[in-house]
Every structure is written in structure tokens, then in C-alpha cells.
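Below are the chains, spelled out letter by letter.
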Amino acid sequence: MSAIVGIDLGTTNSLIGVMEAGFPILLADGNGGRLTPSVVHFPAEGAPLIGRTAARMPAIDPENTIYSAKRFIGRRVGEEADDVAYRLAGERGEPVLIRTRGVNRAPEEIAAEVLKKLRADAERALGEPVTRAVITVPAYFNDAQRNATKRAGELAGFTVERIVNEPTAAALAYGLDRLKERSKIAVFDLGGGTFDISILELSKGVFHVLSTNGNTRLGGDDIDAALVAHLAERTAGPEDHASPAVTASGHPACSTGATDETSVCHDTRGRVSSARHDAALLARLREAAVEAKHRLSDSASATVELPFAAGRESISLPITRAELERIAAPIVERTRAHCRRAMADAKVTPADLDEIILVGGQTRMPLVRRLVAEIFGKPANTSQNPDEAVAIGAVIQAGILSGAVQNVVLLDITPLSLGIETFGGLMSVIIPRNSTIPIKRGEMFTNAVSGQRSMLVRVLQGEREMARDNWELGKFDLEFEPAPKSHARVGVQFEIDANGILRVLARDTKTGRERTVEMTSAVDVSDEAVEKMLVDSLEHAFEDMNDRAFTEAKLKAGEMLPAVRIALDQAGGELSAEEKQAIAARVSEVESAIAARAAQPLKKAVAALDEATQRLAAILVERAVQGR
């Protein structure tokens with residue numbers, strides 16, 4: 001049977017994952033990104049654009065670029081208005097439809113396009129058909145909304161095995177099933193488009209939603225829109241002090257009226273804006289503002305840069321975290337009342353809650369975390385990536401259904417990457433940081449020099465590129481039969497058990513000779529030590545990458561230079577004087593770059609030497625074919 005995937009079908013972003021070797025893995029798309037924007041663009045001709053490509057289209061074609069379709073799934077006209085840049089259709093009391101290119105589409109059809117892309121990404125990553133899925137929904141979704149979500153999955157080609165509540169999935173991801181037998185948990189979910197607060201009770205391994213509250217039109221998009229309006233006002237000239245028109249998601253549009261340069265529109269959240277600035281410039285400003293907002297979660301200040309904005313001079317707008325928090329505070333404060341109502345409905349007080357967990361990218365904001373601590377009287381659990389927690393929980397639920405997860409327990413993670421030292425003093429990572437345990441992974445290595453009789457396996461832990469900058473957990477030698485360079489094959493396998501104990505096995509594939517060594521715990525590392533390693537890796541990131549690039553280029557140069565000299569001795573007589581001179585010049589450039597320890601010049605010099613010796617290599621190949 002095919003694997004069951006877990007899917008977080010989000011308002012703003014969606015993710016897909018699968019259980020592998022007993023732990024949940026989120027699958028990346030062809031560009032290496034795990035987050036897929038839940039955006040679909042319908043061009044005049046051709047197939048729809050989905051995800052990151054579509055997310056760039058609202059400024060160009062807002063009426064045919066559909067975002068936040070999840071807000072309308074299972075809803076009827078008149079139940080809820082929304083300030084989106086595209087057109088809504090349908091008769092009052094009938095299901096909401098979305099009109100693009102003259103065609104009315106149900107919101108679940110839009111969601112199905114996103115799910116099709118996720119399915120294609122999963123099939124590419126797994127190399128096999130994917131037809132079964134678990135999909136998450138907000139706890140407050142009614143039957144109509146759940147059925148519409150299931151239909152979206154079916155339209156995408158899935159058999160939907162289970163619809164799972166998002167807060168339950170998040171709790172699974174945080175491992176809260178391992179709390180005391182009867183526990184109460186608050187899940188604070190502030191995403192791009194919606195806010196949800198759920199109070200859950202765990203009893204005998206079963207999660208029960210005691211209450212849920214929230215606002216389907218309150219989220220990070222509102223902060224983005226307010227920030228864009230603030231920045232746009234700062235850029236306005238003396239003849240134009242009005243803010244550009246922005247919707248809830250920062251798009252330049254009025255959902256129900258004209259958008260000519262002289263019009264004034266009132267969006268459904270009570271903001272009044274003049275739609276004078278061009279859409280492309282506003283879209284660029286929003287993108288830069290969002291990037292600055294993200295940076296301000298970790299930095300006290302940032303700068304919004306718009307090079308050559310609309311043919312004018314470049315715009316540079318410094319902004320501080322304090323300034324952002326003043327803008328965002330009224331929006332974030334609106335979550336407080338929902339939290340109080342949810343606790344009242346569940347008949348609990350903050351003191352009754354065992355854990356507060358955070359979900360949604362907007363909860364990275366320090367202002368949000370401070371407010372959560374104030375509301376619930378304790379700091380929130382921040383051990384999981386808030387963007388990925390729901391998806392991880394969906395994958396775990398999929399694993400339970402498939403039998404891959406027999407007993408749902410809290411799975412620990414590796415706090416730092418684990419690997420071995422390879423030739424040249426590099427760190428080769430075998431188990432990346434934050435991998436869920438238990439885990440088993442391995443790689444194949446070979447001998448670096450001819451006649452080598454043994455290999456030193458030096459086990460390292462850390463985040464630096466060079467072996468010397470990481471911690472050594474242990475080392476041992478594995479003997480093997482002498483062989484020409486790159487002919488010996490040694491498999492190295494790392495295995496971490498549920499207790500965090502690391503065992504390293506090295507095996508000579510030719511003779512079967514192997515050695516296994518048990519190291520100290522790979523998980524029991526102090527928070528201070530982990531923090532120091534992570535800080536060091538960030539501080540020295542550029543230097544480390546340069547060292548790795550130089551070392552790798554030097555290793556390649558070390559292989560090429562002797563080979564070129566041997567080739568010249570064997571076939572140099574068949575080259576012209578100009579060809580020999582060109583090769584000599586390239587060799588000199590490589591040697592100079594090595595002496596200067598210059599990574600990029602060395603890479604270019606090695607590539608140039610490779611190009612200069614193409615005819616020499618062809619001569620040697622021809623000789624070999626002719627047996628000369």
C-alpha cells in the first residue's frame with residue numbers, strides 16, 4: 001500500500017510530509033522549500049500557476065490570483081464578507097463561488113489546485129505514487145467545511161483517510177500526549193489570515209476540544225497591511241499624503257468598487273485609503289516590508305529597501321522593532337478577548353493549563369509571545385517551528401493510521417548535527433540538527449590516497465563547516481585492504497536510539513570487516529552549549545563557507561595538478577607551443593590562488609585549467625582506445 005501523507009492545508013501556506021524510518025519528514029518542492037503559498041493564478045492561457053510563482057502575481061493580475069481561498073470553503077454567500085482583490089459570486093444563501101476568467105469556481109476547487117501541487121512534490125520526492133492523505137482543518141470548521149475540504153482532497157486525487165483538527169495535530173507535534181494522564185492545553189494559532197485559540201483536554205491518549213474561539217479575518221496579513229500603510233505614508237510626497245489602498249492581505253485593491261486613480265474605497269475593516277500608487281510599487285513595498293517584519297523578530301532594527309522604485313530614486317526606510325510593535329499592538333491585542341472567551345467556555349483558568357503552545361508564523365513575533373505569557377500567566381512552549389507544527393502533527397496522525405507509529409510518544413530531537421571528518425578537515429554531516437530520534441542514517445566513503453590501509457573515523461557534533469570547529473565525540477580506526485585511490489568502500493552508519501545513545505558502525509564493503517563504537521549521548525547537551533554553538537555558527541557563517549569552498553577547491557586542484565603534469569609528459573608532444581603556454585598559465589593561476597587562500601579565484605582557476613586541458617585529455621583518451 002502507498003504511504004499516507006499528512007497535509008496542512010493552510011490559509012496562507014501549505015505543507016506535506018510523510019513518516020520515514022519512524023519519524024515525520026516534511027517534503028520540499030523542486031526549489032528546496034517546504035512552505036508552499038496557498039495561492040493560485042489563472043493566466044489567460046495555459047495551466048494555473050501555483051505556490052511561490054503565483055504569489056508574485058497579485059500586483060500584476062489581482063482579479064485572477066486567488067489567495068486565502070480557505071476562508072470561503074464550505075461557506076455561503078452572506079455568511080461573511082471579505083476584502084479580497086478577486087471577485088466573489090453566487091446567490092445569497094448559496095455556496096460562495098470565486099470568479100476568474102469568466103468562470104465560477106468553488107473554493108475547494110482552488111484548494112484542490114494547491115493539493116495537486118503538494119501531491120506532485122511528494123511523488124517527486126518519494127519516487128512513487130501518493131494517493132492517501134490526512135488533511136488538517138481548524139477546530140471550529142463545521143460539517144460543511146470539513147466535507148468541502150475532503151472534496152478538495154478528492155479532486156486532487158487523494159483518498160482522504162482522516163480530517164484532523166489543527167490544534168490536535170499541533171499538540172501531537174509538540175509531543176503533548178506524554179503529559180500527565182489528564183492534561184489541559186491551550187493552542188494559540190496566529191497565522192497569516194486567521195487567529196484560533198483552542199483549549200484541549202487529554203485523557204487516556206485521546207484529545208478532546210473543550211472550546212475554540214477566534215477570528216477568521218485576523219492575522220499577520222493585518223499587521224502587514226498596517227505596516228505597508230505606515231511606510232507608504234512615510235514615502236508620500238507633499239502633494240499626496242494619503243496611504244495607498246491595501247486589502248487585509250496587503251494587496252492594492254477595492255473588493256467592491258472602482259479602482260481608478262481618483263476613487264476612494266472603504267475596505268471591510270474600516271480603513272479608508274486613496275488608491276493612487278501603482279500596484280507594482282505597492283507590491284514591492286509589501287514584499288520588502290514583510291521581509292523587514294521577519295527580521296525584526298530577531299533584530300532591534302531593520303531597513304526597508306526599494307532600489308529605483310518605479311523609476312525614481314531608491315527608497316530606504318529604517319524601522320525599529322519598537323515602531324513595528326506600536327503599529328501591530330492594536331491588532332495583536334484583539335486576540336486577548338478571544339483567549340478569555342475560550343477559557344470561559346472551557347471553564348478553565350490560566351492556572352489549570354499545563355501547556356501553552358504556539359502555532360502560526362506570526363507567533364515568532366516577540367510582541368505576540370509577551371502577550372501570550374501575559375494572558376496565560378506563563379511562557380509558551382516554543383520547542384517547535386510554528387510554521388510546521390500542524391503539518392508535523394498531520395504526518396504523525398498519518399503514521400498512526402498506516403501503522404508506522406504504534407505508540408504515540410514524544411519523539412526527542414538531535415540538538416546539533418552529527419557527522420565525521422573527511423579529507424581536508426571538512427565536517428560531513430550524516431544526521432542533521434533537529435532530526436527526530438530514533439534515527440539511523442549512513443553514507444559511503446572511500447580512501448583518499450593510494451595504498452591506504454585504514455580509515456580514521458572521527459565522530460563530530462556541531463554546526464561549523466570545518467571539523468576543527470566542532471566537538472569530537474570519539475574516534476576509531478577501521479582497517480581495510482590496500483587499494484588504489486577512491487577504490488576502497490567504507491560504509492559509515494550512525495544510529496541514535498530512543499534514549500539518545502549514538503552508535504557508529506564502519507564497515508569495509510569488500511571484506512565485511514566492521515567496527516561498532518558506542519558514543520556518549522548525542523542528545524544530552526546543555527542548552528547553553530547548544531546556544532553557543534549556534535551563535536558561533538552564525539557569527540562565522542561567511543568565514544566557514546569560504547573555508548569550505550577553498551578546501552573543496554584545493555582538494556580538486558590537488559587532484560588536477562599532478563594529473564596535468566603526468567598528461568603533459570605522456571602526450572605534451574602533440575600540443576602546439578601556444579596550447580602548452582596556455583596550460584602553463586592556468587597552472588600558475590591555480591598555484592597562486594592556493595597560495596593566496598582565495599576560494600572564488602581558486603574555483604575559477606581550476607575551471608579554467610579544466611577547460612585548457614580538454615584537448616590534452618582527448619589525446620589521452622584516443623591513445624587509450626588505440627592501445628598506444
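The coordinates are above.
Rules and cut-offs
Residues numbered from 1 in each chain as written. Predicted model: local features only at pLDDT ≥ 70, side-chain atom pairs only at ≥ 80, totals over all residues. Heavy atoms only, no water. Axes fitted to C-alpha atoms, helices over the stretch in contact; angles between N-to-C directions. Helix = DSSP H or I, 4+ residues; strand = E, 2+ residues; numbered from the N terminus. Parallel < 35°, antiparallel > 145°, perpendicular 65-115°, else oblique. Left-handed = near helix turned anticlockwise from the far one by under 90°. Contact = heavy atoms within 4.5 Å. Pairing = 2+ DSSP bridges. Phe/Tyr/Trp six-rings, centres within 6.5 Å; stacked < 30°, edge-to-face > 60°. Buried < 20%, exposed > 50% of the residue type's maximum accessible area, 1.4 Å probe, protein only. Lys NZ or Arg CZ within 6 Å of the ring centre and 35° of its normal. Salt bridge = Lys/Arg side-chain N within 4 Å of Asp/Glu carboxyl O. Core = buried A, V, L, I, M, F, W, Y, C linked by side-chain atoms within 4.5 Å.

**Q** Could you clarify how one ought to interpret the packing of helix α5 (residues 220-235) against helix α7 (residues 321-346) in this entry?
**A** Packed helix pairs are characterised by how far apart their axes lie and by the angle those axes make with each other. Contact geometry for α5 and α7: axes closest at 9 Å, N-to-C directions at 140°. Taken together, the axis directions place α5 and α7 in an arrangement best described as oblique. Between α5 and α7 lies a crossing whose hand is right-handed. When α5 is examined against α7, the residues Asp222, Ile223, Ala226, Leu227, His230 and Arg234 are found in contact with a partner set consisting of Glu323, Leu324, Ile327, Ala328, Ile331 and Val332.

**Q** Explain the pairing of strand β21 (residues 418-422) to me, please; I cannot follow it from the model alone.
**A** Successive residues of a regular strand alternate their side chains across the two faces of the sheet. As paired elements, β21 and strand β22 (residues 426-431) share five bridges and run antiparallel to each other. Across the sheet, leucine 418 pairs through a bridge with isoleucine 431, a residue of β22. In this structure, the hairpin formed by β21 and β22 is closed by a connection of three residues, where glycine 424 is found at a positive phi of approximately 95°. Where β21 lies against strand β24 (residues 454-461), three bridges are found, and the strand directions are antiparallel. Of the residues in β24, the one forming a bridge with glycine 419 is leucine 460.

**Q** Teacher, can you tell me more about the packing of aromatic side chains here?
**A** Geometry of an aromatic ring pair is reported as the spacing of the ring centres plus the angle between the planes. Applying the stated criterion across every chain yields a total of two aromatic pairs. When the centroid spacing of 5.3 Å and the interplanar angle of 80° are considered together, the rings of tyrosine 67 and tyrosine 86 count as edge-to-face. Taken as a pair, tyrosine 67 in strand β7 (residues 65-67) and tyrosine 86 in the loop between β7 and β8 (87-89) lie far apart in primary sequence, 19 residues in all. Accessibility expressed as a relative area gives 6% for tyrosine 67, which makes it buried. Here the basic side chain of arginine 105 rests over the ring of phenylalanine 42, its NZ or CZ set 3.9 Å away from the ring centre. Looking at arginine 119, its charged tip hangs above the ring of phenylalanine 158, at a distance of 5.9 Å from the centre.

**Q** Looking at this model, I keep getting lost on the pattern of salt bridges. Mind explaining?
**A** Any two side chains of opposite charge can pair, on the condition that their charged atoms come close. Counting across every chain of the model gives 24 salt bridges. Residue arginine 151 pairs with glutamate 108 through a salt bridge whose shortest N-O separation is 3.2 Å. In this pair, arginine 151 sits in helix α3 (residues 143-155) while glutamate 108 sits in helix α2 (residues 107-126), placing the two residues 43 residues apart along the sequence. When its relative accessible area of 12% is taken as the criterion, glutamate 108 is described as buried. With a closest N to O distance of 2.9 Å, arginine 336 and glutamate 374 form a salt bridge. Highlighted residues: arginine 336 in helix α7 and glutamate 374 in helix α8 (residues 366-376), separated in sequence by 38 residues. A relative accessible area of 13% means that arginine 336 is categorised as buried. Residues joined in a network through salt bridges with shared partners are Asp29, Lys117 and Asp121.

**Q** Even after reading the chapter, I still don't get the sheet that holds strand β25 (residues 471-479), so can you show me in this structure?
**A** Hydrogen bonds between backbone groups are what pair the strands of a sheet, and the pairing can be parallel or antiparallel. Spatial strand order, β22-β21-β24-β25: four strands in an open sheet with antiparallel pairing. Edge positions in the open sheet fall to β22 and β25, since each of these has one partner strand only. Along the sheet, successive strands turn relative to each other by an average axial angle of 30°, direction set aside. Taken together, the eight bridges between β24 and β25 define a ladder with antiparallel strand orientation.

**Q** Whenever I open this one, the side chain of serine 417 confuses me. Can you help?
**A** Within the fold, serine 417 resides in the loop between α9 (389-402) and β21. Residue classification places serine 417 among the buried positions, given a relative accessible area of 6%. Contact partners of serine 417, with chain neighbours within four places excluded, come to Met427, Val429, Ile431, Pro432, Arg433, Leu460, Gln461, Gly462 and Glu463.

**Q** Mind showing me how you'd approach the nonpolar core here?
**A** Within the largest apolar cluster, 72 residues are counted, with the highest numbers of intra-cluster contacts made by Phe188 and Phe376. Among the elements that make up this core, the one with the highest residue count is α7 (nine residues). Residue contacts for phenylalanine 376: discarding those within four places in its chain leaves Ala186, Phe188, Ile197, Cys339, Met343, Pro350, Leu353 and Ile356.

**Q** Mind showing me how you'd approach the packing of helix α11 (residues 541-571) against helix α12 (residues 577-596) here?
**A** Across the interface, α11 lies against α12 with an axial gap of 11 Å and an inter-helix angle of 150°. On the basis of their axis angle, the class for α11 and α12 is roughly antiparallel. Judged by the twist between their axes, the crossing of α11 over α12 is left-handed. Contacts from Phe550, Lys554, Ala557, Leu561, Val564, Arg565 and Leu568 in α11 reach Ile583, Val587, Val590, Glu591, Ala593 and Ile594 in α12.

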